[in-house]
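An overview of the molecular structure
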Amino acid sequence: MTNGVSVKKTAILRVQCPDRKGLDAALADFIFRANGNILHFEQHQVAEMGLYLARIEWDLDGFQIDAKDFARHFSPIADRMDMKWQMALSSDRQRVALLVSKYDHCLVDLLYRWHTGELACEIPLIISNHADAKRHAEFYGLPFHHIEVTSENKLKAERQQRELLESHQINLIILARYMQVLSPEFIAAYPQRIINIHHSFLPAFLGAKPHHQAFERGVKLLGATAHYVTEALDDGPIIEQDVIRISHRDAVHDLVQKGRDLEKIVLSRAVGWHLENRVLLYGNKTVVFD
């Protein structure tokens, strides 16, 4: 049980390798021979790259290979097929850190979804460069760390943040409207383990008040994008995007409200898919088996 929600006892295998005949059969046969019952088998070929990606989830009831021995049993197949692979248990709970600044809509949404069990993870701490979000941490009984960030102390502040993240053994960092640019060193320490959310007006409306800029331009669509963070600002592999129509009847405050609602939905989807091991990366793209 996690937050009152039953946890399935399943295993998830994600693989990536050069495409060839017999991959589906080899993977299914391996699980069958160990008495595993496959619940989901999703695969995708990237034809232009000759690449095969797959996600297989199976019931652990009666499965004859213990998780700690899985690598020893699966490695011969993986080596023969030149596979990169990861295996996880549905009962595993990633340790997630939430970073936030003043805008708290995404933070509050994630905390509620975590509290109700929709997001199956642990949240050992919340970090912010402002004190505003402390009340939300206190409401859910979570440790809150206020680390002020300025142009003069940015490197020191990041060192403090990383010490906290490492001491709490954090697996995933979510930038829930954390309005600071992370250094390349910080990003390199957590490859493909930092998720960010932002509006989808980029690069059309850079800088401050993008909704005001969009209002002045008379745009007809509002969007949000969740992506993994890389050194290229707001250009990491996209996990999820969505849009909503707006019209001439919408004032600036309507755009802001609709944009925030969209950001919450898009970020929660992306985080959920990551926690459920549904995302595979290749190049600067993702395949999301939803």
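Looking at the side chain of Asn129
Take Asn129: it is sitting in the loop between β6 (121–128) and α4 (134–139). Residue classification places Asn129 among the buried positions, given a relative accessible area of 7%. Among the polar contacts made by the side chain of Asn129, one reaches the side chain of Ser101 at a distance of 2.8 Å. Setting aside chain neighbours within four positions, we find Asn129 in contact with Val100, Ser101, His146, Ile147, Glu148, Val149, Tyr178 and Gln180.

A word on the packing of aromatic side chains
Under the defined criterion, the tally for this structure stands at ten aromatic pairs. Arranged with centres 5.2 Å apart and planes meeting at 65 degrees, the rings of Phe30 and Phe74 form a pair that is edge-to-face. Note that Phe30 is positioned in helix α1 (residues 23–33) and Phe74 in helix α2 (residues 70–80), a separation of 44 residues in sequence. A relative accessible area of 0% means that Phe74 is categorised as buried.

What about the layout of surface pockets?
Take a probe with the size of a water molecule and roll it over the atoms, and the empty space left behind shows itself. One number sums up the size of the second largest pocket: a volume of about 840 Å³. As for the second largest pocket, its lining consists of 33 residues, and the residues nearest its centre are Arg177, Met179, His198, His199 and Asp234. Where the lining of the second largest pocket is concerned, the elements lending two or more residues are β9 (194–199), α7 (210–217) and α8 (252–275). When residues of the lining of the second largest pocket are assigned to their parent elements, the largest contribution, four residues, is made by β9. Looking at the lining of the second largest pocket, its residues break down into 18 nonpolar, nine polar and six charged.

So, how was this worked out
- Residues numbered from 1 in each chain as written.
- Predicted model: local features only at pLDDT ≥ 70, side-chain atom pairs only at ≥ 80, totals over all residues.
- Heavy atoms only, no water.
- Helix = DSSP H or I, 4+ residues; strand = E, 2+ residues; numbered from the N terminus.
- Buried < 20%, exposed > 50% of the residue type's maximum accessible area, 1.4 Å probe, protein only.
- Polar contact = N/O pair within 3.5 Å; in protein donor to acceptor, adjacent residues only side chain to side chain.
- Contact = heavy atoms within 4.5 Å.
- Phe/Tyr/Trp six-rings, centres within 6.5 Å; stacked < 30°, edge-to-face > 60°.
- 1 Å grid on protein atoms, 1.4 Å probe; cavity = no way out; pocket = protein on both sides within 12 Å on 5 of 7 lines; lining within 4 Å.
- Points joined across faces, edges and corners; volume = space filled by probe spheres on them.
- Nonpolar A, V, L, I, M, F, W, Y, C, P; charged D, E, K, R; others polar.

Note that every value here comes from positions in space, so none of it alone points to a role or purpose.
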